[in-house]
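Examination of the molecular architecture
Each chain, written out:
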Amino acid sequence: ISEQTPPAELIPQYTTIEYQLQRPFAPPPVFLLCVDTSGKEKELQALKDSLIMALNLIPDNSRVGLITFGTTVQVHELASEAMPKSYVFRGSKEVTTQKVQDFLGLGPRGMRGANPDMVTRFLQPYSECEFALTSIIEALEHDPWPVKQEHRVLRCTGTALAVASGLLECSNANNPSRIMLFLGGPCTEGPGQVVSVEKEEPMRAHMDIDNETAKWHKKAMAHYAGVAASCVQNGHVIDVFACALDQCGVAEMKACVEKTGGVIVQTDTFTNVIFKESFKRVFARDENNELKMAFNAELEVITSREFKVAGAIGCCASLNKKSSSVAETEIGIGGTCAWKLCALTPNTSVSLMFEVTTQHTSPIPAGQLRYTQLHTHYIHASGQHRLRVTTLAQSWATTEGGGENKLGAQGWMEVGMSFDQEAAAALMARWAVHKAETEESFDILRWLDRKLIQLCQKFADFRKDDQNSFRLAPNFSIYPQFMFNLRRSQFLHVFGASPDETAFFRIYLLTETVTNNVLMIQPSLLAYSFNHPPGPVLLDVSSISPDRILLLDTYFNIVVFHGETVAEWRRQNYQDNPEYASFKQLLEAPQAEAKELMVERFPFPRFVDCNQHGSQARFLLSKVNPSSTHNQQGSFGGNGEIVQTDDVSFQTFMEYLQRLTVQS
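Residues numbered from 1 in each chain as written. Predicted model: local features only at pLDDT ≥ 70, side-chain atom pairs only at ≥ 80, totals over all residues. Heavy atoms only, no water.

**Looking at the overall build of the protein chain**
Put simply, the rule reads: We count a stretch as a helix when DSSP gives it H or I for four or more residues in a row; a strand needs E for two or more, and each element gets its number in order from the N terminus. All radius of gyration figures rest on C-alpha atoms, and the globule criterion is 2.2 Å times the number of residues raised to 0.38. Whether a residue is buried, partly exposed or exposed follows from its accessible area with a 1.4 Å probe, protein chains only, as a fraction of its type maximum: under 20%, in between, or over 50%, in that order. Note on definitions: a residue-residue contact is assigned when non-hydrogen atoms from the two residues lie within 4.5 Å. All accessibility values rest on the Shrake-Rupley procedure with a 1.4 Å probe; residue burial counts only the protein chains present in the view. Asp and Glu count as negative and Lys and Arg as positive, but His and the ends of the chain are not part of the count. Lysine's charge is taken at NZ, arginine's at CZ, aspartate's at CG and glutamate's at CD.
For the protein chain, the count of helices and strands is 19 helices and 23 strands. Its C-alpha atoms give the protein chain a radius of gyration of 27 Å, near enough to 26 Å, the size a compact globule of 664 residues would have. Its C-alpha atoms put the protein chain at 85 × 75 × 60 Å along the principal axes. Split into buried and exposed, the 664 residues of the protein chain put 51% on the buried side. At a minimum sequence separation of 6, the contacts of the protein chain that also span at least 24 residues come to 70%. A total accessible area of about 31600 Å² is found for the protein chain, and carbon and sulfur atoms account for 52% of it. Within the protein chain, one finds 59 positive and 74 negative side-chain charges whose respective centroids are separated by 4 Å.

**Remarks on the sheet that holds strand S10 (residues 294-303)**
Selection criterion: Two strands pair under a simple rule: DSSP has to find at least two bridges between them.
Spatially, S1-S16-S15-S10-S13-S12 is the arrangement adopted by the six strands of the open sheet, whose pairing is antiparallel. The strands lining the two open edges of the sheet, one partner per strand, are strand S1 (16-20) and strand S12 (317-318). With five bridges joining them, S1 and strand S16 (residues 385-395) adopt antiparallel strand pairing. Within S16, the position partnered with Thr16 by the bridge is Thr390.

**Concerning unusual backbone geometry**
Along the chain, Phe602 connects to Pro603 via a cis peptide bond; the corresponding omega equals 0°. Here Pro603 shows up in the loop between helix H17 (581-598) and strand S23 (606-611). A positive phi angle is found at Tyr555, which is not glycine, with a value near 80°. On the secondary structure map, Tyr555 appears in the loop between strand S21 (549-553) and strand S22 (557-562). Look at Tyr555 and you get buried, because its relative accessible area is 1%. Phi at Asn573 takes a positive value of approximately 60°, unusual for a residue other than glycine. Among the structural elements, Asn573 can be located in the loop between helix H16 (564-571) and H17.

**Digging into the packing of helix H7 (residues 217-234) against helix H8 (residues 250-260)**
Spelled out, the test is: Only the stretch in contact is used when fitting a helix axis, every axis being a line fitted to C-alpha atoms; angles between N-to-C directions are given from 0 to 180 degrees. Angle categories: roughly parallel below 35 degrees, roughly antiparallel above 145, roughly perpendicular from 65 to 115, and oblique for all the rest. Two helices crossing with the near one rotated counterclockwise from the far one by less than a right angle form a left-handed crossing, whereas a clockwise rotation gives a right-handed crossing. Charged means Asp, Glu, Lys or Arg here, nonpolar means Ala, Val, Leu, Ile, Met, Phe, Trp, Tyr, Cys or Pro, and polar covers whatever is left, Gly included.
At a minimum axis separation of 7 Å, H7 and H8 run at an interaxial angle of 15°. Here H7 lies roughly parallel to H8, going by the angle between them. Relative to H8, H7 is oriented so that their crossing is right-handed. In this structure, H7 contributes His217, Ala220, Met221, Tyr224, Ala225, Ala228, Cys231 and Val232 to the contact, and H8 contributes Ala251, Glu252, Met253, Ala255, Cys256, Lys259 and Thr260. Split by residue class, the contact of H7 with H8 holds 11 nonpolar, two polar and two charged.

**Considering empty space enclosed by the protein**
Note the following rule: Think of a 1 Å grid over just the protein atoms. A cavity is a set of points where a 1.4 Å probe fits yet cannot get out, a pocket is an open set with protein on both sides within 12 Å along at least five of seven lines, and lining residues have an atom within 4 Å of a point. Grid points are joined across faces, edges and corners, and a volume is the space filled by probe spheres set on the points.
In total, this model carries three cavities of 30 Å³ or more according to the counting rule given. Its boundaries defined by the atoms lining it, the largest cavity holds a volume of some 70 Å³. In terms of lining, the largest cavity is formed by Asn485, Arg488, Ser489, Gln490, Met520, Ile521, Pro523, Ser622 and Lys623. Elements represented by at least two residues in the lining of the largest cavity include exactly helix H13 (479-488) and helix H15 (514-521). Broken down by class, the residue content of the lining of the largest cavity amounts to three nonpolar, four polar and two charged.

**Digging into the environment of Ala432**
With respect to the helices and strands, Ala432 occurs in helix H11 (residues 421-436). A relative accessible area of 0% means that Ala432 is categorised as buried. Expressed as a C-alpha distance, the spacing of Ala432 and Phe484, which sit 52 residues apart in the sequence, is 13 Å.

**Here we look at the side chain of Gln247**
Put simply, the test is: The definition of a polar contact used here is a pair of N or O atoms within 3.5 Å, where within protein one atom must be able to donate a hydrogen and the other to accept one, and adjacent residues in sequence count solely through side-chain atom pairs.
Assignment of secondary structure puts Gln247 in the loop between strand S8 (237-243) and H8. Of the residues examined, Gln247 reaches a relative accessible area of 14% and is grouped as buried. A polar contact is formed between the side chain of Gln247 and the side chain of Arg204, at a distance of 2.5 Å. At 3.5 Å, the side chain of Gln247 and the backbone nitrogen of Asp500 are in polar contact. Discounting residues that sit within four places of it in the chain, Gln247 has contacts with Gly185, Pro186, Met203, Arg204, Ser498, Pro499 and Asp500.

**Focus on the state of the cysteines**
Just so we agree on the cut-off: Disulfide assignment relies on a single distance test, namely cysteine sulfur atoms paired within 2.5 Å.
Under the counting rule described, the total for this entry stands at zero disulfides. With no disulfide of its own, Cys156 has Cys187 as its nearest cysteine by sulfur position, at a separation of 7.0 Å. Here Cys256 stays unpaired: no disulfide links it, and the sulfur of Cys231, its closest cysteine neighbor, is 7.0 Å away.

**Let's talk about the sheet that holds strand S20 (residues 535-536)**
Pairing is mixed in the open sheet, where five strands are placed in the order S20-S19-S21-S22-S23. The sheet is open, and its two edges are formed by S20 and S23, each paired on a single side. Pairing of S22 with S23 involves six bridges; the strand directions are parallel. Counterpart to His562 in the pairing with S23 is Asn611.

**A short note on the packing of helix H12 (residues 441-459) against H13**
As a packed pair, H12 and H13 sit with axes 11 Å apart at the nearest point and diverge in direction by 175°. Put simply, H12 runs roughly antiparallel to H13. Contacts between H12 and H13 involve Leu445, Arg446, Leu448, Asp449, Leu452 and Leu455 from the first element and Tyr479, Pro480, Met483, Leu486 and Arg487 from the second. Here the residues of the contact of H12 with H13 are counted per class, giving eight nonpolar, no polar and three charged.

**Things to note about the pairing of strand S19 (residues 524-528)**
Here five bridges tie S19 to S21, and the two strands are oriented antiparallel to one another. Following the sheet pairing, Ser524 is matched in S21 by Asp553. The antiparallel hairpin formed by S19 and S20 contains six residues in its connecting segment.

**Details of helix H19 (residues 650-662)**
For clarity, the cut-off: Under the convention used throughout, the expected extent of a helix is 1.5 Å for every residue step, that is, one less than its residue count.
The terminal C-alpha atoms of H19, which comprises 13 residues, lie 18 Å apart, in line with the 18 Å expected from a rise of 1.5 Å per residue. Each element contacted by the buried residues of H19 is listed here: H12, strand S17 (461-463), strand S18 (466-471) and H13.

Read these as geometric descriptors, not functional statements.
Rendered as structure tokens:
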């Protein structure tokens, strides 16, 4: 270290420094598999094949365990050489950590903490138990409990999760661990039950939850929230792979995934490529051949005295840590300056909300900077403890004279120039989704509208009562479009979606990067044709043309949409004729681009290949701006394609926004 070579902390460009702490390495991660055996034989066989495949992807020193459940919960011994042995818990009874420890014989009865020698019967390094575990999985059979024709199968998901959480709590507290739950249907027995065993009782819908007529909902939510709290306290992660045609109760289990930072994959069957590819990608490796996951992280925020942190919105849990950096106002998970993130991936993100707390009568001196420091302590996949510190120093906007903290024209201009419309859209979407847990959808839409009008009144250029004079600066110009699409999105409009689907979509909005959040809110649309090179087009019904192929990316779905003429040419197999090689290339280009988009996407997206006027064209028509509907012809002209909807178009939305912004 010298004046010419200062430490990295003193170099202004290095805002983030990561330290490798001199602590003992954490033990290798534990992967505890919780397998539902009450599904159909074909489903169970597909799941067994995927499990055996995935076991080859985990590091050899990782410890593994196996729990199966149906009518009962079975904890399998992996160290039993003579014959397979398992311990059975009754599925209809509440289970505590102490009961799990006592029943499995992990330590002295009634005393906290397990004997490490006893734990190895159930959790072993994969390299040592590969044969035993593979043999047990291959021998798994459908739950033998008889089921009446008019009944659903008995499935004790809540008890299985409680047993898994208890086993890890008494054997591997605060060390890297993941509970991987594979679910083939709803919980019908014991704590966490979400539906009656009688088939005549349907699964709850959004309306049932809103009207408080969902019989099992609140009790199940409370049970899974308790399991999640236990896992957060011990730094453990819960992943849910729900594969069934019916709902599986993911809405009730949402806290287990959201609070622990786990992954969730939802599809119709274990044979689906969405499940298979997504499950594989959980075990993706980096350039150093380490798993792309980190464990047991804590995020702490420190601010200078002029402003404080109001809360965080994301897949995290409060650590209830008080400091001078905590604001009185709470937004999201507030009242603390530190949060627990049991799992981290390269894409994990958390939204932090701040409040300026300096009084108007205490002016901030000109040129003074505000400081924010983020401390993220986590356990790397290698077991090493690391501390990542991000330090930001930013200037305050210029205030008016007169000894008050009021922004003048210059100050507001500085704020406007620093506006990031994509980040703002992601923040507002997360804030709206967080409010949607406790407020009516209609109230949230009105709130979003008010916030947008207030923003335009502050930063748009216009003359009072002159709608035609309304102008937005380039860094604000797309923001109203983001809000228009957010209002129409599946995150806030739950009509036509099950509670499980809504929970699934909202979890990924809360955890993914800004770029992916924006893609979820406003999908990208690319056009391929003979007349123009491939390129982006308006997310509008006018972009649909008979001689075009459109590629829609909504993050969860990737849709290749063939115009009417192109679809007819394809039906007549023109692409197989050497004379039409260019047509074959036109068909292949969007398919190749779609494959590129799916290479690293998590969860693996649904791929839809459809034609204009086909049934699956709905995947595209539900996302485009309805500038032409059955009620109103669009202003863009086009080929006559219309959307059957009563939703207003973006043009009508902007007219109302401009009118309300400029009015006196």
